[in-house]
Structure formats: C-alpha cells, structure tokens
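# What the coordinates show
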Amino acid sequence: MRKILLVLGISVFAIGSASAQGVEKQMRTSPNASQVYLELLGPGIFYSLNYDGRFAKMENGLGFRVGLGGAGGNGGGYLAVPAQINYLLGNNGQYLELGAGATFLTAGVDLLDEDESGSTVIGTATIGFRKQPFGKKGLTWRLAFTPFVGEFGFLPWGGASIGYRF
C-alpha cells in the first residue's frame, strides 16, 4: 500500500509542478491530438492496441488512454484492458508522459478438463518519453517505464509503442 501511495504522490507532485510552468501550446489541426498506437509490453501486459486523446484543445496537458490486449491458445488465454489518466509535459512534439491508472485482466486456463479462470484489476503507472508531430498528422512513438502495483507488490515493467496521430 505504501508503494502505491508513493507512486501516486510522485505523479501528483510532477503533474502539479508541470501545470504551474505554463508550457502548453494551442493546437492547430485536430481537436485533441488523438492517436492510435500498438504497444509492446506496457500496461497491456504483452501487447495492446490503444487510443490516446487530450481533454482540451491542446498538444499537451491532461489526457487519457484506453486499450485492448490479449492472447489465446491451447485452451487458455487472457484479455487486458488498460486505462490511464496521463499528463504530457513539454512542447514542439517532444513530451514527458506521466500517467496512472489500472489494467483489468481476465485469464482462463483449461487444465485436465477443468476450466480455471479469474479476473483482477492491477494498478499501473507510466513515466516515459513521447515523440509526435506538432500540430499535424503523422507517426508517433514512445518509450516508457510502466510498473504494475497490486497485492503482489511492485513489479517493474516497460513498454514501447508506435502509432499514428490523426
């Protein structure tokens, strides 16, 4: 529990410090700098397809992401639904991304004709670098430290993604 509070406390402090600096730039081409991207590893466990958008008509600032990932085979599999609130700090297409949220995870395994399955929600965080076109459509990429936090403790994790801003 202390680790969850520590991660959330650091995120809130960083977001508060970032908003006090007034570095946000107005967008020119799209209402909220929306993008879709494929992420390897990250909050979607092994891979996920995600949508990311801003809450205001700005290139950076407060936004969100939601995704869908999963795999199956040999009588088992998993489904992951990562969702986070994030904040982009920076300008001109180069951003520090800070985020916190959760991944809903459901998994099933077929062992000896017995179906074993379960669902859980795992806390997630993101601290990373994002590169995207400034004020226009185009290719985006990101690299991030994306740890999981839950009953199991703190699990360091990371992710990389490539996508398209529209």
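Residues numbered from 1 in each chain as written. Predicted model: local features only at pLDDT ≥ 70, side-chain atom pairs only at ≥ 80, totals over all residues. Heavy atoms only, no water.

## Focus on the pattern of salt bridges
- Going through the model one piece at a time under the given rule, you end up with 7 salt bridges.
- Of the charged contacts in the structure, one is a salt bridge between glutamate 39 and arginine 142, with a shortest N-O distance of 2.9 Å. Here arginine 142 lies in strand S7 (residues 138-145) and glutamate 39 lies in strand S1 (residues 35-41), a separation of 103 residues in the sequence. Per residue, the accessibility class of glutamate 39 equals that of arginine 142, and both read buried.
- Among the ionic pairs, arginine 54 bridges to aspartate 52, the shortest N-O distance being 2.9 Å.
- When its relative accessible area of 3% is taken as the criterion, arginine 54 is described as buried.
- Residue classification places aspartate 52 among the buried positions, given a relative accessible area of 0%. (Salt bridge = Lys/Arg side-chain N within 4 Å of Asp/Glu carboxyl O. Helix = DSSP H or I, 4+ residues; strand = E, 2+ residues; numbered from the N terminus. Buried < 20%, exposed > 50% of the residue type's maximum accessible area, 1.4 Å probe, protein only.)

## Some remarks on the environment of serine 48
- Note that serine 48 resides in strand S2 (residues 47-54).
- What makes serine 48 buried here is its relative accessible area of 0%.
- Separated by 11 residues in the primary sequence, serine 48 and tyrosine 37 have C-alpha atoms spaced 8.3 Å apart.
- Not counting the four nearest positions on each side in its chain, serine 48 is found in contact with Tyr37, Leu38, Glu39, Arg65, Leu68, Gly69 and Pro82.
- A distance of 2.9 Å separates polar atoms of two side chains, one belonging to serine 48 and the other to asparagine 50. (Contact = heavy atoms within 4.5 Å. Polar contact = N/O pair within 3.5 Å; in protein donor to acceptor, adjacent residues only side chain to side chain.)

## Focus: the pairing of S1
- Pairing of S1 with S2, which is carried by 6 bridges, proceeds in the antiparallel orientation. Bridge pairing in S2 places leucine 38 opposite leucine 49.
- Hairpin connection between S1 and S2: a loop of 5 residues separates the two successive antiparallel strands, and glycine 42 in this loop has a positive phi of roughly 70 degrees.
- Where S1 meets strand S10 (residues 158-165), 7 bridges bridge the pair, whose relative direction is antiparallel. Residue pairing for S10: tyrosine 37 is matched across the bridge by glycine 163. (Pairing = 2+ DSSP bridges.)

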